[in-house]
Amino acid sequence: SIPLAYFGGIGAASKRGILVKGGNYLEALVNADRVIFDKTGTLTEGRFTVTKIRTENGSTEEELVYYGAYGEYYSNHPIAESIKKKYGKNIDKNAISAHEELSGFGIKAVVNDRQVLVGNEKLMVESGIDIDINEENGTSVHIAVDNEYRGCIEVEDNIKESSYNVVDGLKKKGIKEVIMLTGDNEKTAGRIAGKLKLDRYHAGLLPGDKLDILRKYLNKTTSTIAVGDGINDAPLLAGADVGFAMGALGSDAAVEAADIVLMTDEPFKIVESIGIARKTRTIVW
Ligand code: ADP
Ligand code: MG
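Rules of the game
Residues numbered from 1 in each chain as written. Chains lettered and ligands numbered in written order. Predicted model: local features only at pLDDT ≥ 70, side-chain atom pairs only at ≥ 80, totals over all residues. Helix = DSSP H or I, 4+ residues; strand = E, 2+ residues; numbered from the N terminus. Buried ≥ 20, exposed ≤ 12 C-beta atoms within 10 Å, placed from the backbone. Near = placed C-beta within 6 Å. Nonpolar A, V, L, I, M, F, W, Y, C, P; charged D, E, K, R; others polar. Domains from an automatic or database assignment. Contact = placed C-beta atoms within 7 Å. Pairing = 2+ DSSP bridges. Axes fitted to C-alpha atoms, helices over the stretch in contact; angles between N-to-C directions. Parallel < 35°, antiparallel > 145°, perpendicular 65-115°, else oblique. Left-handed = near helix turned anticlockwise from the far one by under 90°.

Undergrad: In this structure, what is going on with the environment of Lys220? I would like to understand it.
TA: Tracing the backbone shows Lys220 in the loop between helix 9 (207-217) and strand 12 (223-228). Classification of Lys220 as exposed rests on a count of 5 C-beta atoms within 10 Å. The sequence separation of Lys220 and Arg278 amounts to 58 residues, and the corresponding C-alpha distance is 20 Å.

In structure tokens form, the structure reads like this:
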């Protein structure tokens with residue numbers, strides 16, 4: 001094969017807030033034909049806000065948000081942060097005697113000696129809690145106390161401005177397929193995929209599923225780019241031919257596992273990175 005070098009590529013990229021950990025990743029970018037994005041915190045801001053609450057089975061709103069905020073107290077998940085911001089002002093930690101984070105599901109806690117579950121539909125179904133409601137526009141955070149369903153807190157996240165032109169930009173650079181992976185529900189994932197004109201998405205994933213899906217796409221002739229921000233995304237970023245991490249709000253684990261770090265967290269920087277790799281490619285004899 002022709003020996004190639006990427007003279008000035010790493011420097012040109014860093015001036016645009018794109019930190020490339022080695023010249024070989026620029027070569028892999030030139031050969032890329034598929035990009036796999038995480039959703040929350042990558043294509044979306046990852047900053048949720050509470051939009052609505054719905055009580056069930058005679059629960060009061062006060063009670064519902066009390067268990068929501070207490071259940072989430074020890075969680076740093078962006079969904080937990082949004083609930084605590086709105087309802088968690090005066091938490092008495094002594095009321096929480098146990099807490100367990102169930103990655104991809106939610107929280108299991110003991111609050112005032114009552115068993116509290118806070119999380120998605122899967123968590124409720126797996127715990128044998130009867131729920132019969134449909135998700136609305138955002139993500140429903142369901143709450144059960146002592147195995148009885150008490151209602152849900154709806155939260156919503158915004159798509160990043162920089163995500164809207166990503167698919168067009170990538171297609172112009174010769175990328176054939178743009179895919180999104182998420183632990184969030186089918187309906188929210190589908191709505192975002194539609195708005196961003198993604199080719200495909202996989203929803204309702206558990207953290208380990210992301211790497212399994214990536215492996216199905218990897219091949220010997222072209223390279224696959226993965227983009228993420230969370231601790232859960234680290235294996236995905238390490239497993240891809242080129243892993244991009246969000247450098248500003250992303251987790252340390254993602255930044256370490258990545259091959260390229262974006263200082264401004266903008267998905268469109270992937271398009272720019274491919275452009276820089278192409279422009280600085282030089283044949284060396
Ligand atoms: P993503 O792939 O979207 O970054 P995660 O694996 O972090 O997602 O979470 C997947 C889903 O699990 C969330 O959309 C949410 O429904 C649920 N979940 C996870 N952690 C929590 C939590 N602390 N509180 C409520 N729901 C949670
Ligand atoms: Mg994420």
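After that view of the structure, there is still more to cover.
Undergrad: So what exactly am I meant to see when it comes to the site of ligand 1 here?
TA: The environment of ligand 1 is made up of 23 residues, and the closest members are Thr40, His77, Gly106, Asn120 and Gly183. Secondary-structure elements contributing two or more residues to the shell around ligand 1 are helix 3 (39-43), helix 5 (78-87), strand 6 (106-111), strand 7 (114-119) and strand 8 (139-145). Considering only residue class, the shell around ligand 1 consists of seven nonpolar, 12 polar and four charged. Summarising the domain contributions, the shell around ligand 1 has at least three residues from each of domain 1 (4-45 + 160-283) and domain 2 (49-156).

Undergrad: I would appreciate a short explanation of the domain arrangement of the chain in the present structure.
TA: Accessible area lost upon the coming together of the parts is a frequently used measure of interface size. Domain boundaries assigned for the chain yield domain 1 (4-45 + 160-283) and domain 2 (49-156). The straight-line distance from the C-alpha centre of domain 1 to that of domain 2 is 32 Å. With 11 residues of domain 1 at the interface, the matching set in domain 2 holds nine residues.

Undergrad: How do you make sense of the sheet that holds strand 3 (residues 32-38) when you look at a structure like this?
TA: Paired through backbone hydrogen bonds, the strands of a sheet run either parallel or antiparallel to each other. Ordered by their spatial adjacency, seven strands build an open sheet running 2-14-13-12-3-10-11, and the pairing between neighbours is mixed. Looking at the sheet topology across the chains shown, the edges are occupied by strand 2 (18-20) and strand 11 (200-202). Ignoring which end each strand starts from, the neighbouring axes of this sheet average 20° apart. Of the pairings in the sheet, the one linking strand 10 (residues 177-181) to strand 11 comprises three bridges and is parallel in character. Bridge pairing in strand 11 links Leu181 to His202. In this fold helix 2 (residues 23-30) packs onto strand 2, strand 3, strand 12, strand 13 (242-246) and strand 14 (260-262), with an angle of close to 105° to the strand it touches most, strand 13.

Undergrad: What am I meant to see in the packing of helix 4 (residues 61-72) against helix 5 here?
TA: Two packed helices can be described by the angle between their axes and the distance between those axes. Interaxial distance between helix 4 and helix 5 falls to 9 Å at its minimum, and their mutual angle equals 125°. When the axis of helix 4 is compared with that of helix 5, the two are oblique. Helix 5 is crossed by helix 4, and the crossing has left-handed handedness. Facing helix 4, whose interface residues are Val65, Gly68, Ala69 and Glu72, helix 5 presents Ala80, Ile83, Lys84 and Tyr87. Residue composition of the contact of helix 4 with helix 5, by class: five nonpolar, one polar and two charged.

Undergrad: Help me understand the sheet that holds strand 7 in this model?
TA: In space, the six strands of this open sheet follow the order 4-9-8-7-6-5, with antiparallel pairing throughout. Across the chains shown, the open sheet's two edge strands, defined by having one partner strand only, are strand 4 (49-55) and strand 5 (96-102). Looking at each pair of strands side by side, their axes are set apart by 15° on average, direction ignored. As defined by bridge partners, strand 8 adjoins strand 9 (residues 148-156) across seven bridges and the pair is classed as antiparallel.

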